[in-house]
Every structure is written in C-alpha cells, then in structure tokens.
Amino acid sequence: MTVNSTIAHQRLILSGDRERFKELLRRRLIECGWRDQVRMLCREVVKENDGNNITFDMLLTRVTPRARAIVPDSVKKELLLKLKTHLLTQKDQ
C-alpha cells in the first residue's frame, strides 16, 4: 500500500464508511452471481481432492486467485468510482 492509499484506508475506517463499501461490494457480488461461482469453485477443489484432508487454508489458497479473477469488471469499476468520489468529497471538506 502506498502512503496515500493507507491514508485513504484510515479515513474510510475512521468515518465508518469502510463497512458501507464492504456491504455494497458484498451485495453486488451476490447480485452478479459471483458468490455462487465461488461456491462451485470450492466444490470443485474438494471434489478434486476426494474430500480427503483438505483444510480451510488449502481451500482458500486454491480458490482465492480464481475467485478474484472472476470478479466482474463492472463491479470493480462501480466500487472504484464510488470510492474515488467519496474520497474526493471528503478531501474537500
């Protein structure tokens, strides 16, 4: 994280807006079906291992890169735009 992104992150936490943005992201990911796709990825990984000795950490390590890659660009763009707008508004105050 850069100094500016760290400051922006701290501002979001202190203002309580971080939780609001997390909730927006969660809703959008559910709406677009991303959560269901990740659930299927998890099932695939478990099936590949025949359900034997797979830990949560192993599942997380295997699924996370794929899950991040399938986040729709529209969701990323919307969240980024709202964050930028919010931070610029806060900066002017």
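- The protein chain is annotated in an unreviewed UniProt entry as Enhancer of yellow 2 transcription factor from Euphydryas editha.
- Here the protein chain is described in UniProt, under the heading Sequence similarities (unreviewed entry), as follows: "Belongs to the ENY2 family."
- Per UniProt, the comment on the protein chain under Subunit (unreviewed entry) is "Component of the nuclear pore complex (NPC)-associated TREX-2 complex (transcription and export complex 2). Component of the SAGA transcription coactivator-HAT complex. Within the SAGA complex, participates to a subcomplex of SAGA called the DUB module (deubiquitination module)."

## What to know about the overall build of the protein chain
Moving on, step 1. When helices and strands are tallied, the protein chain shows five helices and zero strands.
Moving on, step 2. Starting at the N terminus and walking to the C terminus, you meet the elements of the protein chain as α-α-α-α-α.
Moving on, step 3. By residue count, 19% of the 93 residues in the protein chain fall in the buried class.
Moving on, step 4. Sequence separation of 24 or more characterises 64% of the internal contacts of the protein chain that already satisfy a separation of 6 or more.
Moving on, step 5. Element-wise, carbon and sulfur atoms account for 57% of the exposed surface of the protein chain, whose accessible area totals about 7,200 Å².

## Remarks on the side chain of Asp17
Moving on, step 1. Tracing the sequence through the fold places Asp17 in helix H2 (residues 17-31).
Moving on, step 2. With relative accessibility at 14%, the residue Asp17 sits in the buried group.
Moving on, step 3. Engagement of the side chain of Asp17 in a polar contact is seen with the side chain of His86, the distance being 2.7 Å.
Moving on, step 4. Filtering out sequence-adjacent residues up to four positions away, Asp17 remains in contact with Leu12 and His86.

## What to know about the packing of helix H3 (residues 34-48) against helix H4 (residues 56-69)
Moving on, step 1. Running from amino to carboxyl end, H3 crosses H4 at an angle of 140 degrees, the nearest separation of the two axes being 10 Å. Comparing the axis directions of H3 and H4 gives the class oblique. Pair H3 / H4 crosses with right-handed handedness. Taking contact as the criterion, the partners of Trp34, Val38, Leu41, Cys42, Glu44, Val45 and Val46 in H3 are, on H4, Leu59, Arg62, Val63, Arg66 and Ala67.
Moving on, step 2. In terms of residue class, the contact of H3 with H4 is built from nine nonpolar, no polar and three charged.

## What to know about the environment of Phe21
Moving on, step 1. Examined against the element boundaries, Phe21 turns out to sit in helix H2.
Moving on, step 2. Sequence spacing of Phe21 and Leu79 is 58 residues, and the spatial spacing of their C-alpha atoms is 7.6 Å.
Moving on, step 3. Those residues in contact with Phe21 that lie beyond four places of it in its chain are Leu12, Leu79, Lys82, Leu83 and His86.

Procedures and definitions
Residues numbered from 1 in each chain as written. Predicted model: local features only at pLDDT ≥ 70, side-chain atom pairs only at ≥ 80, totals over all residues. Heavy atoms only, no water. UniProt positions renumbered as here; feature names shortened; annotations may be inferred. Helix = DSSP H or I, 4+ residues; strand = E, 2+ residues; numbered from the N terminus. Buried < 20%, exposed > 50% of the residue type's maximum accessible area, 1.4 Å probe, protein only. Contact = heavy atoms within 4.5 Å. Areas by Shrake-Rupley, 256 points an atom, 1.4 Å probe, with all protein chains shown as cover. Polar contact = N/O pair within 3.5 Å; in protein donor to acceptor, adjacent residues only side chain to side chain. Axes fitted to C-alpha atoms, helices over the stretch in contact; angles between N-to-C directions. Parallel < 35°, antiparallel > 145°, perpendicular 65-115°, else oblique. Left-handed = near helix turned anticlockwise from the far one by under 90°. Nonpolar A, V, L, I, M, F, W, Y, C, P; charged D, E, K, R; others polar.

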